[in-house]
Amino acid sequence: MALIEVKVPDIGDFSEVAVIELLVKPGDTVAVDQSLMTVESDKASMEIPSSHAGVVKAFKVKLGDKVSEGTVVLELEAEGAVSSAPAPAPAAAAAPVVAAPVAAAPVAVTVAAPAATGSIEVRVPDIGDFKDVAVIEVFVKPGDLVKVEQSLITVESDKASMEIPSSAAGVIKELKVKLGDKINIGDLLAIVEGAAAAGATSAAPTPASAPVAVAPTPVAATAAPAAATVSAPAHNPTATPALGLPHASPSVRKFARELGVPLAEVKGSGAKGRITQEDVQNFTKSVMAGAIQTLAQAAKAPAATAGSGGGSELGLIPWPKVDFAKFGPIDRKELGRIKKISGANLLRNAVMIPAVTNHDDADITDLEAFRVATNKENEKSGVKVTMLAFLIKASVAALKKFPEFNSSLDGDALVYKQYYHIGFAADTPNGLVVPVIKDADKKGVLQISQEMSELAKKARDGKLGPADMSGATFTISSLGGIGGRYFTPIINAPEVAILGVCKSQMEPVWDGKAFQPRLMLPLSLTWDHCVIDGAAAARFNAYLGQILADFRRVLL
Ligand code: CAO
């Protein structure tokens, strides 16, 4: 495979532009024309495309580096030396390859003209290679007073965007374009009723004409630079719309538009507050989370409103947006896949289930002694009997006695399951997962212990498959090996209850005559009040406690 040097293509008048965003990383497979990085000057931002398809071997520049036409930006192990660049010989293995630019430098546009009065046609100037570019923003309306160089519209291709300025001063009489229109060089944009001090007139696409009056201002990744460029000039105080443009690359702007995300509401986490694709994704997620909450509220609305005639809207204030870095150093780390998935599930379950938690204590003095003795006897077998395995077995007995705890809601019906698959929460370096012991009612404590230890290892190694984690009818979350007294676990929908267990400890327990030292296990049972009543939950916990205190009760 040939090693190819990818260089900065002809980027027009721009030189020494800063690399502000790397869009690929070593090891990535890239296609011809795929954007590799974004560079930005004070007037434009543009994405540098790959001249070849292949695998990125190494970057030759880093964030903040200044590059110009011809700078080697990365090395590519080419899959096939097919270049989109106009010049280089396709077969030239190590030859420098220059990709076609994706964002044309602003090109001289308008011919300076004497002051004009009367109707003046403002046309699309020379916008380089771009054809059929879409109008994505319109800054002015008929009746507005515009100045020369004031931005009228923004156009955008998939790789760059730019503002088209007015070539004349005066009042907009007619606007000839609207959002979504595709425009080309020479197209009529507006009729301006010329003011006495009018500047250039026609936007004749004739760069040869010497005096350059107006150039389109690329705002590609722009915002901040565009604001500086377009609005800063003192003679152009009315070009305020450009000030509000969010700072984002063209592809991010396109991405946001496809999702219907208002960029103005997205907080950028990139350099100079630049909005990245991830910011747009995070914004979408936060909106979705809000929507789920509202849906949950809406689902409950009939009950809530029946008596009171109100309360159907959540009416929450927005999530606080805090610039944490203002208060001290921070380190931002994106959530992993498991955390994202479990977070979304936990949020839904927490919001949608009217959950109540009952706390109780179980006397496990004898059970623990039995467990320790069993482990001593079985030392050579390699299987360690765990308290959690006993809890699974005891829970099955309680689920059999109180079947609604082993059920799920399905619309208006309750589905009672005749099988007992018990999930157990496992803490892994990547987040919380819930492997499931299938048919726990048919298995002994030894077998459950062994399966649990295998599943827990698989969980830690990130090797659990969907089958290992599905079908649970009831879940146990044990923090017993870690500590704490009680907690309120969140139900793992569509289950209707979950048992939380904390660390057992010796406590003085009154036996009617004296305090006795007993090993007490804290239990926290969370249950869905749509399905289960408080009395049933108290009975479930009490029964569970009785079994744990004396496992012979399972036989009764
Ligand atoms: N009280 C006191 N000690 C306990 C105990 C309890 N309830 N449960 C376990 N222990 C002790 C054990 O005796 C063992 O001690 P030794 O090492 O001295 O023998 C130690 O804690 C570890 O126990 P274990 O090997 O039996 O493991 P476990 O069954 O407690 O836990 C697993 C296994 C997978 C559940 C656990 O590793 C885990 O991931 N727990 C966290 C679950 C979690 O995060 N829940 C919260 C979900 S909600 O966010």
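The notes below deal with the structure included here. Keep in mind it's a predicted model, so treat the numbers as computed, not measured.

**Focus: the pattern of salt bridges**
Right, on to step 1. Enumeration according to the criterion identifies 18 salt bridges in this entry.
Right, on to step 2. Note that K141 and D144 form a salt bridge whose closest N and O atoms lie 3.2 Å from each other.
Right, on to step 3. Relative accessible area serves as the criterion here: at 19%, D144 is assigned to the buried category.
Right, on to step 4. Residues D468 and K458 are paired through a salt bridge, measuring 2.9 Å at the closest nitrogen-oxygen approach. Taken together, the positions of D468 in the loop between α8 (445-460) and β26 (474-478) and K458 in helix α8 put the pair 10 residues apart, joining distant regions of the chain.
Right, on to step 5. Note on D468: relative accessible area 17%, which makes it buried.
Right, on to step 6. Since its relative accessible area comes to 33%, K458 is described here as partly exposed.
Right, on to step 7. Among the ionic contacts, a cluster of salt bridges with common partners joins D363, D366 and R518.

**A few points about the environment of P125**
Right, on to step 1. Here P125 lies in the loop between β10 (118-123) and β11 (133-138).
Right, on to step 2. Accessibility expressed as a relative area gives 3% for P125, which makes it buried.
Right, on to step 3. Sequence-wise, P125 and S166 are 41 residues apart; in three dimensions their C-alpha atoms are separated by 9.6 Å.

**A look at helix α6 (residues 365-377)**
Right, on to step 1. With 13 residues, α6 should reach 18 Å at 1.5 Å per residue; the first-to-last C-alpha distance of 19 Å fits that figure.
Right, on to step 2. When α6 is considered as a whole, its buried residues turn out to be T365, L367, R371, T374 and N375.
Right, on to step 3. Check the buried side of α6 and you find it contacts β19 (355-363), α7 (387-401), β29 (515-528) and α9 (534-549).

**Quick word on the site of the ligand**
Right, on to step 1. If you check the shell around the ligand, you find 17 residues, and the closest are D427, S477, G481, C502 and S504.
Right, on to step 2. Taken by itself the ligand offers 980 Å² of open surface, and the protein chains cover 65% of this.
Right, on to step 3. Mapped onto the shell around the ligand, the elements with two or more residues apiece are β23 (426-428) and β26.
Right, on to step 4. The residue inventory of the shell around the ligand, partitioned by class, reads seven nonpolar, six polar and four charged.

**Structural notes on the packing of aromatic side chains**
Right, on to step 1. Using the criterion set out here, one finds eight aromatic pairs in the structure.
Right, on to step 2. For the ring pair F370 and F390, a centre distance of 6.1 Å and an interplane angle of 65° mean the geometry is edge-to-face. One end of the pair, F370, is in helix α6; the other, F390, is in helix α7, and 20 residues separate them in sequence.
Right, on to step 3. Between F402 and F540, the ring centres sit 6.0 Å apart and the planes meet at 50°, which makes this aromatic pair tilted. Here F402 is found in the loop between α7 and β20 (407-410), whereas its partner F540 is found in helix α9, with 138 residues between them in sequence. Per residue, the accessibility class of F402 equals that of F540, and both read buried.
Right, on to step 4. Clustering of aromatic rings is evident, with ring pairs tying together F402, F405, F474, F540 and Y543.
Right, on to step 5. Positioned over the ring face of Y420 is K400, at 5.4 Å from the centre of the ring.

**Things to note about the sheet that holds β10**
Right, on to step 1. Overall, antiparallel pairing links the four strands, which are arranged β10-β17-β15-β12 in an open sheet. One side of each edge strand has no neighbouring strand; the edge strands of this open sheet are β10 and β12 (145-146).
Right, on to step 2. Both β12 and strand β15 (residues 170-175) contribute to a ladder of two bridges, which runs antiparallel. By the bridge assignment, L145 is partnered in β15 with V171.

**A short note on unusual backbone geometry**
Right, on to step 1. The amide bond that connects A493 to the next residue, P494, takes the cis arrangement and shows omega of 10°.
Right, on to step 2. In this structure, P494 sits in the loop between β26 and β27 (497-501).
Right, on to step 3. Phi angles above zero are rare outside glycine, and E16 is one such case at about 55°.
Right, on to step 4. By secondary structure assignment, the location of E16 is in the loop between β1 (3-7) and β2 (17-22).
Right, on to step 5. In this structure E16 comes out as exposed when scored by relative accessible area, which is 51%.
Right, on to step 6. Backbone geometry places E149, a non-glycine residue, at a positive phi of 80°.
Right, on to step 7. Among the secondary structure elements, E149 is positioned in the loop between β12 and β13 (151-156).
Right, on to step 8. Take E149: its relative accessible area is 35%, and that puts it in the partly exposed class.

Procedures and definitions
- Residues numbered from 1 in each chain as written.
- Predicted model: local features only at pLDDT ≥ 70, side-chain atom pairs only at ≥ 80, totals over all residues.
- Heavy atoms only, no water.
- Salt bridge = Lys/Arg side-chain N within 4 Å of Asp/Glu carboxyl O.
- Buried < 20%, exposed > 50% of the residue type's maximum accessible area, 1.4 Å probe, protein only.
- Helix = DSSP H or I, 4+ residues; strand = E, 2+ residues; numbered from the N terminus.
- Expected span 1.5 Å × (residues − 1).
- Contact = heavy atoms within 4.5 Å.
- Near = heavy atom within 4 Å.
- Areas by Shrake-Rupley, 256 points an atom, 1.4 Å probe, with all protein chains shown as cover.
- Nonpolar A, V, L, I, M, F, W, Y, C, P; charged D, E, K, R; others polar.
- Phe/Tyr/Trp six-rings, centres within 6.5 Å; stacked < 30°, edge-to-face > 60°.
- Lys NZ or Arg CZ within 6 Å of the ring centre and 35° of its normal.
- Pairing = 2+ DSSP bridges.

By themselves, these observations are geometric and do not establish any function.
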